[in-house]
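# Structure assessment
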Amino acid sequence: MTDSQAMTATQNAIRVRFAPSPTGKLHVGGARTAIYNWAFARANDGVFILRIDDTDPTRSTEENTQIILRAMRWLGLDWDEGPDVGGPFGPYRQADRVARYKEAAEKLVEEGKAYYCFCTPEELEAGRKRAHEAKEEFQGYNGACRKLDPAEAKARVAAGEPHTIRIKVPEGRGDVVVDDAVHGQVTFNAKELDDFIIFRSDDTPTYNFATVVDDADMRITHVIRGDDHLSNTPRQVIVYEALKKPVPTFAHISMILGEDGKKLSKRHGATSVEEYQQESYESEAFVNYLALLGWSFDDKTTIIPRDVLAREFSLNRVSKNPATFDSKKLNWINEQYLLAMTDEEFAEKILGPQLVLAGKEEEGCISLRPEWFALLASVIKPRTKIAGDVVSLTEFLYKGDAPEIEEKAFNKMLAKESAKPSLVAALSALQTLEDKASGFYADAINDALAPLPEELDISRGAFYGAIRVALTGTLVSPPMGEMIELLGCKSTCARIEAALEKIETTA
RNA sequence: GGCCCGUUCGUCUAGCGGUUUAGGACACCGCCCUCUCAAGGCGGAGAUCACGAGUUCGAAUCUCGUACGGGCUACCA
């Protein structure tokens, strides 16, 4: 590629941005917006930019910024330009760009496209109240300071009078048509827009101004963001026009609701990405689920790995209506990702880390006995919804030689006549098997146990149930052969003997 | 109040004027497999496409109203 070609490519490249405010953790709604931006950029060989919109210094924190960055990394959404990696249009934190906004705002004042306003918040509030009580159609700013003589206004500013800067919505602007990639053309009448504030009296820019300056400076071509900004878009279009910058394409995506159909909030449980990470969801499954919440690939696909998403995402398949967050489906998708792992992979990525985390195994345990862990993975994997489940699913392994037996389980399986002969027969069969030295494997164990119920004239349910309770103390466990192989002969026999003893003492 | 957006099974969605007795997925129910619990296989129930008019030979799909939900109307983002 020649330099001029490279230049053309960059100029034509799609550039999108995700611009969270660090006023809290990364929310699932924000995460989905980030995913759509990222996927749209990747699918179109575009550039994905991360910008921190911290124009509100009172609510923004560095800690939240770091949490958001961490969440983005966990989601696997890599950015090409951003606060930590830099880029040609930085800085990428709004707090570091205030001089730029000030300059842009003053320039608009100079050009007569914006003006100083000396109205106090109290006056404005009173005006709004009056308009509201009079039930006036238009309840916005009345434009009092618009008529001020510019020279006089400048003098008042120079004299230190508190002031804001308001943009002038051009007289007779007519309809502002927003070209929205998901909603189509949305028309607003500029008459309904008032001269809104672009710069506060405390010398900070407002959101509607700062984002436009940044999006223009950063050559953003597509603004993909939440629905709640749709009504603000005509205001931003006015700013683009005042700045004489091209207006990007917008794509307003709907919000995510809680299971009661209300806006997602704390009382719906986990709402931040961080919480889902801590609850041990697979990052890719989480991204998959969120991507599908408001976007579809076709009429049947539900499993979309991250790389496929990055190839296939398109804005025209984004749906307009709000979506309800369904943790059951998230769980199911998560499970599908776990199921898709090989046993070795599952042992390495899920079993090892989770068991180490729970203090059940030592770091590096898998390499010591890879086959045992692969077998364990094969029985645990289909029973795992999320990674953290493996701790309870493997609990039977760590119960020692005389597991505590749940009362309910004892009463149901061991407190009956068939229990003792079942255990005795199983014990002897297993010991014989071990003596044969042909290998204490699941298949052989199953073969050794299989004929016993009939020989003893005991139902299979009662027979295996008795062993299950003896070995685990509970009524639920992995399949018998595998479980016994995992426990090994020594522990198995010890547990059966302990159960027999308990039967004796109880009887 | 004004302006804007949205409305297909409980949930996520497919559907872009006839191919639809509205398709798929989650959840639910049943059967099969089976020593328990899963996983897997098969099947079932579940949506008069918010409602009402209109356009059309024909509408979930186009238009207009109504209702309900949401957003904006801040010196929040």
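To keep things clear, this report deals only with the structure shown in the data block. Only a predicted model underlies this, so the values are computations on that prediction, with no experimental measurement involved. (Residues numbered from 1 in each chain as written. Chains lettered and ligands numbered in written order. Predicted model: local features only at pLDDT ≥ 70, side-chain atom pairs only at ≥ 80, totals over all residues. Heavy atoms only, no water.)

## Observations regarding the pairing of strand 6 (residues 184-189)
The condition is simple: By this definition, two strands are paired if DSSP reports at least two bridges between them. Strands here are runs of E lasting at least two residues and helices are runs of H or I lasting at least four, both read from the DSSP assignment and numbered beginning at the N terminus.
Direction of pairing for strand 5 (residues 175-180) relative to strand 6: antiparallel, over a ladder of six bridges. Bridge pairing links aspartate 179 to glutamine 185 in strand 6. Adjacent in sequence and paired antiparallel, strand 5 and strand 6 are bridged by three residues.

## Section: the layout of surface pockets
The gaps left among the atoms become clear once a water-sized probe is rolled over them. This is how the line gets drawn: Think of a 1 Å grid over just the protein atoms. A cavity is a set of points where a 1.4 Å probe fits yet cannot get out, a pocket is an open set with protein on both sides within 12 Å along at least five of seven lines, and lining residues have an atom within 4 Å of a point. Grid points are joined across faces, edges and corners, and a volume is the space filled by probe spheres set on the points. Put simply, Ala, Val, Leu, Ile, Met, Phe, Trp, Tyr, Cys and Pro go in the nonpolar bin, Asp, Glu, Lys and Arg in the charged bin, and everything else, Gly too, in the polar bin.
Here the largest pocket defines a volume of roughly 1300 Å³. Around the largest pocket, the lining comprises 44 residues; the ones closest to its centre are Ser21, His27, Gly30, Asp228 and His229. Put simply, the parts of the chain that give the lining of the largest pocket at least two residues each are strand 1 (15-18), helix 2 (28-43), helix 7 (207-217) and strand 8 (222-226). For the lining of the largest pocket, a count of residues per class yields twelve nonpolar, 19 polar and 13 charged.

## Things to note about the protein's contact with RNA strand B
Selection rule: The cutoff for a nearby residue is simple: one of its non-hydrogen atoms must lie within 4 Å of the molecule or strand. In the analysis that follows, any N or O atom pair within 3.5 Å is treated as a polar contact, provided that within protein one partner can donate a hydrogen and the other can accept it, and provided that, for residues neighboring in sequence, both atoms belong to side chains.
Taken together, 61 residues lie around RNA strand B, and Arg200, Asn232, Arg383, Arg460 and Arg468 are the ones closest in. A distance of 3.0 Å is found between a phosphate oxygen of RNA strand B and a backbone nitrogen or oxygen belonging to tyrosine 207. Between RNA strand B and proline 382 there is a distance of 2.6 Å, counted from a sugar or linking oxygen to a backbone nitrogen or oxygen. Elements represented by at least two residues in the surface near RNA strand B include exactly helix 5 (121-133), strand 6, strand 11 (323-324), helix 12 (327-339) and helix 21 (460-472). The greatest single-element share of the surface near RNA strand B, amounting to five residues, is contributed by helix 12. In the surface near RNA strand B, the residues fall into 21 nonpolar, 18 polar and 22 charged.

## Notes on the packing of helix 10 (residues 283-292) against helix 12
Worth spelling out the cut-off: Structural elements are reduced to axes, namely lines fitted to C-alpha atoms, with helices fitted over the stretch in contact, and the angle between N-to-C directions of any two is expressed from 0 to 180 degrees. Any angle from 65 to 115 degrees is called roughly perpendicular, while one under 35 is roughly parallel, one over 145 is roughly antiparallel, and all others are oblique. A crossing counts as left-handed when the near helix is turned anticlockwise from the far one by less than a right angle, and as right-handed when that turn is clockwise. The criterion used for residue contact is that any of the two residues' heavy atoms lie within 4.5 Å.
One way to put it is that helix 10 packs onto helix 12 with a least axis distance of 9 Å and a crossing angle of 135°. One way to sum up the angle between helix 10 and helix 12 is to call them oblique. Of the two possible hands of crossing, helix 10 and helix 12 adopt the one that is right-handed. Seen from helix 10, the contacting residues are Glu284, Ala285, Phe286, Asn288 and Tyr289; seen from helix 12, they are Lys329, Leu330, Ile333, Asn334 and Tyr337. The class makeup of the residues in the contact of helix 10 with helix 12 is six nonpolar, two polar and two charged.

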